[in-house]
Amino acid sequence: NAGVMQNPRHLVRRRGQEARLRCSPMKGHSHVYWYRQLPEEGLKFMVYLQKENIIDESGMPKERFSAEFPKEGPSILRIQQVVRGDSAAYFCASSLGGRAYNEQFFGPGTRLTVL
Amino acid sequence: GDSVTQMEGPVTLSEEAFLTINCTYTATGYPSLFWYVQYPGEGLQLLLKATKADDKGSNKGFEATYRKETTSFHLEKGSVQVSDSAVYFCALSDRETSGSRLTFGEGTQLTVNP
């Protein structure tokens, strides 16, 4: 039973390029969360999605960042026109339900480096 | 808003020493509480959780008790091993917010020396 999968594991982009991060949730999970971990910091919530719907994007930067979770295929976190400050580890998590007690299972993360 | 405060690290211990990592929280509702562990270069793994007051979560010798009166969820282990070296995150999920989004503390780096 595969866990949460993220790819790529490492991504290098130059300033101004686009970054696309992919997340495949655990089988049977329809709730996906994205978190960002800046160097030497804890994880910060970015966005919460269910299939085809954005439920809570209160943690997303207002510009350049977008997320989707289509009916078929993985969830995508897209960062347009990347800047050096976007360098971070981006983690995806999935859960079976959307209640506070539902455990979230984390992927291994995508480490984005912006040159 | 919700927040989690962890004791500052890093923490360095000798093998078989007693471990405590303090965690306190503020929440608008009635949160569920979690401890996650992150090994170098990896994602987070759930270590233990508690969903209501006075619950004790336990796993792999680690324990934490949900204390509503002191808004705390301190992590303890009686005898640490070198393999416990990792970063530990305290987190909460608030029923008043959507879904089970997690609010994390800053993390505590634990190093256990042989």
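A brief look at the structure comes next. (Residues numbered from 1 in each chain as written. Chains lettered and ligands numbered in written order. Predicted model: local features only at pLDDT ≥ 70, side-chain atom pairs only at ≥ 80, totals over all residues. Heavy atoms only, no water.)

Here we look at the state of the cysteines
Residue and element names in this part refer to chain A.
Stage number 1. Applying the stated rule across the entire model yields two disulfides over all chains.
Stage number 2. Linked covalently through their sulfurs, Cys 23 and Cys 92 form a disulfide whose S-S length is 1.7 Å. Judged by the sign of its S-S torsion, about -50 degrees, the bond between Cys 23 and Cys 92 is left-handed. Of the two residues, Cys 23 is situated in strand E3 (residues 19-24) and Cys 92 in strand E9 (residues 88-95); the sequence distance between them amounts to 69 residues. (Disulfide = S-S within 2.5 Å. Helix = DSSP H or I, 4+ residues; strand = E, 2+ residues; numbered from the N terminus.)

Considering the nonpolar core
Residue and element names in this part refer to chain B.
Stage number 1. Core analysis: the biggest nonpolar cluster contains 25 residues, and Trp 35, Leu 48, Phe 73, Leu 75 and Tyr 88 have the highest contact counts within it.
Stage number 2. For this core, the elements supplying multiple residues, two or more each, are strand E2 (11-14), strand E3 (19-21), strand E4 (23-26), strand E5 (31-38), strand E6 (44-50), strand E8 (62-65), strand E10 (86-94) and strand E12 (108-113).
Stage number 3. Ranked by residues supplied to this core, first place goes to E10 with four residues. (Core = buried A, V, L, I, M, F, W, Y, C linked by side-chain atoms within 4.5 Å. Buried < 20%, exposed > 50% of the residue type's maximum accessible area, 1.4 Å probe, protein only.)

A short note on the layout of surface pockets
Stage number 1. Approximately 530 Å³ is the volume found for the largest pocket.
Stage number 2. Lining the largest pocket are 25 residues, and of these A:Gln37, A:Glu40, A:Glu41, B:Val87 and B:Phe89 lie nearest its centre.
Stage number 3. At the level of elements, strand E1 (3-6), E10 and E12 of chain B are the ones that each hand at least two residues to the lining of the largest pocket.
Stage number 4. Looking at the lining of the largest pocket, its residues break down into eleven nonpolar, nine polar and five charged. (1 Å grid on protein atoms, 1.4 Å probe; cavity = no way out; pocket = protein on both sides within 12 Å on 5 of 7 lines; lining within 4 Å. Points joined across faces, edges and corners; volume = space filled by probe spheres on them. Nonpolar A, V, L, I, M, F, W, Y, C, P; charged D, E, K, R; others polar.)

Focus on the packing of aromatic side chains
Stage number 1. This model, assessed by the stated rule, comprises twelve aromatic pairs over all chains.
Stage number 2. Here the aromatic rings of B:Phe34 and B:Tyr36 are separated by 6.2 Å at their centres, their planes lie at 35 degrees, and the arrangement is tilted.
Stage number 3. Considering the side-chain rings of B:Phe89 and B:Phe104, the 6.1 Å spacing of their centres and the 85 degrees angle between planes classify their relative orientation as edge-to-face. Linking B:Phe89 in strand E10 with B:Phe104 in strand E11 (residues 102-104), this pair joins segments that are 15 residues apart in sequence. Each of the two residues, B:Phe89 as well as B:Phe104, counts as buried.
Stage number 4. Taken together, the ring pairs connect A:Tyr35, A:Phe45, A:Phe106, B:Phe34, B:Tyr36, B:Phe89 and B:Phe104 into an aromatic cluster.
Stage number 5. B:Lys68 extends its terminal NZ or CZ atom over the ring of B:Tyr30, reaching a point 5.5 Å from the ring centre. (Phe/Tyr/Trp six-rings, centres within 6.5 Å; stacked < 30°, edge-to-face > 60°. Lys NZ or Arg CZ within 6 Å of the ring centre and 35° of its normal.)

In short, the description is geometric, and any link to function would need to be established separately.
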